Amino acid sequence: MRLYAVVAAGGFRRYATYRVATLAGVFTNTVFGFIMAYTYIALWDERPHLGGYDMSQALTYVWLGQALLMTCAMMGGGFEDELMERIRTGDIAVDLYRPADLQLWWMAGDLGRAAFHLLGRGIVPMVLGALAFDLALPGSPWTWLAFLVSVALGVVVSFAVRFLVALSAFWLMDGAGAMQIAWLAGLFFSGMLLPLNLFPGVLGDVARALPWSSLLQVPADVFLGTYAGWDLAGAYAFQAGWAVVLLLAGRLLQSVATRRVVVQGG
C-alpha cells in the first residue's frame, strides 16, 4: 500500500507543477460559474423551488458543479489518454509485467489528481461564489465531512468508468471515440448541465440510477442536507455499489487483456 500512496502523492505533485494552467482553470470555472448562476437565477425566478431546490440551494448546486468538474473528471482530463496511448503503442505490456497492480496504480495516481483539483480548482471558485451569492452552506462540520466522503466515492466511480473505457483500446483501433461518448454521458447524466431532479419521469429515474449521478448529483444533495441518517447511508451504498461493480468489471477486463497480451507475446 505504501507504493500506491507514493503514486498518489506523485499524481498530486504532477498536477501541482502546472500553476499557470491551474490559474487559467480557476478563472474558467469562475466565469462559467457566474454565467450558470445568472441562468439559474432567471430559471428559478420563473419556477421557484424547481426540482425541490430553493434559489439559494440552486445557486449552491451551480458552484458545487464548478468545484467538482475537474475533481470528478466529468469531462475527462485524467489518466485515460495516457493509458490508451500506452495500449496503442504496446508499452502497456511493460506495465502488465511490473510487480504492481495495473488498476490500483492508475487509480492511486488519479486520486492524487482529484485531490489536487479539489484544492487547486475547487475551493477558490466556491469561495468567490459564496461572496457573490447567497449560498446554502452547511453549518455543521459533519455535513462537510459527509460531503467529502461522498466526493471521494464519486471520484472512485469516475475512475472506474474511465478505466473501463480506456481498456476498450485493446479491442478498438482508437479509443478516442469511446472516451468522447463517455465524457458526454458523464457531463449530461452527472447533473452538470441541469440537476437530475429536473429530469421528467422515467428519464429522471434512469439518470439518477446511472453511475454518473455519483459524480455530482449525489455529493451535491449530501452537501445540501437532502440526505440524513439512513438516507445518507443509502446514498453512500449507491455510490459504493457502483464503485465495486465497475472496479470488478475493470479488473475482469484487465485480466482478459493481460491474457491477450501474454498470448500475443508468446
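Worth saying up front: this structure is predicted, and the values here are computed from it rather than measured.

On to the overall build of the protein chain, then. On a plain count of helices and strands, the protein chain comes out with eleven helices and zero strands. Reading the protein chain from its N end, one meets helices and strands in the order α-α-α-α-α-α-α-α-α-α-α. For the protein chain, the C-alpha radius of gyration of 19 Å lies close to 18 Å, the compact-globule estimate for 266 residues. Projected onto the principal axes, the alpha-carbon positions of the protein chain cover approximately 65 × 45 × 35 Å. Residue burial in the protein chain is summarised as follows: out of 266 residues, 48% are buried. Here the contacts in the protein chain between residues at least 6 apart in sequence split such that 79% fall between residues at least 24 apart.

Sequence positions flagged by UniProt for "transmembrane region" (unreviewed entry) are, in local numbering, residues 20-41, 61-79, 114-133, 145-172, 184-207 and 227-250. Regarding residues 20-41, the helix share stands at 100% and the strand share at 0%, and the terminal C-alpha atoms are separated by 32 Å. Between the end C-alpha atoms of residues 61-79 the distance is 27 Å, and the span holds 42% helix and 0% strand.

Our focus in this paragraph is the pattern of salt bridges. For the structure on display, the rule yields seven salt bridges. Arg113 is paired through a salt bridge with Asp110; the nearest N and O atoms lie 2.8 Å apart. Here Arg113 and its partner Asp110 are both found in helix α6 (residues 102-132), three residues apart, which amounts to about one turn of the helix. What makes Arg113 buried here is its relative accessible area of 1%. Between Asp205 and Arg208 there is a salt bridge, with its nearest N and O atoms 3.0 Å apart. Residue Asp205 and its partner Arg208 are both found in helix α9 (residues 201-209); the two are separated by three residues, about one turn of the helix.

Below, the discussion takes up helix α2 (residues 19-46). The terminal C-alpha atoms of α2, which comprises 28 residues, lie 41 Å apart, in line with the 40 Å expected from a rise of 1.5 Å per residue. Burial in α2 covers these residues: Thr22, Gly25, Val26, Asn29, Thr30, Gly33, Met36, Ala37, Tyr40 and Trp44. Along its buried surface, α2 packs onto α1 (2-16), α3 (55-68) and α6.

Closest axis-to-axis distance for the helix α7 (residues 141-167)/helix α8 (residues 176-189) pair is 9 Å, and the angle between their directions is 160°. What the angle tells us is that α7 and α8 run roughly antiparallel. Crossing angle aside, the handedness with which α7 passes α8 is right-handed. Between α7 and α8, the residues in contact are Arg162, Val165 and Ala166 and Ala178, Met179 and Ala182, respectively. Partitioning the contact of α7 with α8 into residue classes produces five nonpolar, no polar and one charged.

What follows concerns the nonpolar core. By size, the foremost hydrophobic cluster in this structure holds 67 residues, and its most contacted members are Met74, Leu83 and Phe163. Examining the composition of this core, we find that 13 residues originate from one element, α7, more than from any other.

Averaged over the protein chain, the pLDDT score is 88; the fraction of residues at 70 or greater is 97%. When mean pLDDT is compared element by element in the protein chain, helix α10 (residues 217-223) scores highest at 95, while helix α5 (residues 92-96) scores lowest at 78.

A separate point is the packing of aromatic side chains. Applying the stated criterion to the full structure yields 16 aromatic pairs. Relative to Trp171, the ring of Phe170 lies with its centre 5.9 Å away and its plane at 65°, an arrangement referred to as edge-to-face. Taking the relative accessible area as the measure of exposure, Phe170 reaches 12% and is therefore buried. Consider the rings of Phe188 and Phe199, whose centres lie 5.1 Å apart with planes at 35°: the pair is tilted.

Definitions and limits used
Residues numbered from 1 in each chain as written. Predicted model: local features only at pLDDT ≥ 70, side-chain atom pairs only at ≥ 80, totals over all residues. Heavy atoms only, no water. Helix = DSSP H or I, 4+ residues; strand = E, 2+ residues; numbered from the N terminus. Rg over C-alpha atoms; globule rule 2.2 N^0.38 Å. Buried < 20%, exposed > 50% of the residue type's maximum accessible area, 1.4 Å probe, protein only. Contact = heavy atoms within 4.5 Å. UniProt positions renumbered as here; feature names shortened; annotations may be inferred. Salt bridge = Lys/Arg side-chain N within 4 Å of Asp/Glu carboxyl O. Expected span 1.5 Å × (residues − 1). Axes fitted to C-alpha atoms, helices over the stretch in contact; angles between N-to-C directions. Parallel < 35°, antiparallel > 145°, perpendicular 65-115°, else oblique. Left-handed = near helix turned anticlockwise from the far one by under 90°. Nonpolar A, V, L, I, M, F, W, Y, C, P; charged D, E, K, R; others polar. Core = buried A, V, L, I, M, F, W, Y, C linked by side-chain atoms within 4.5 Å. pLDDT = per-residue confidence, 0-100. Phe/Tyr/Trp six-rings, centres within 6.5 Å; stacked < 30°, edge-to-face > 60°.

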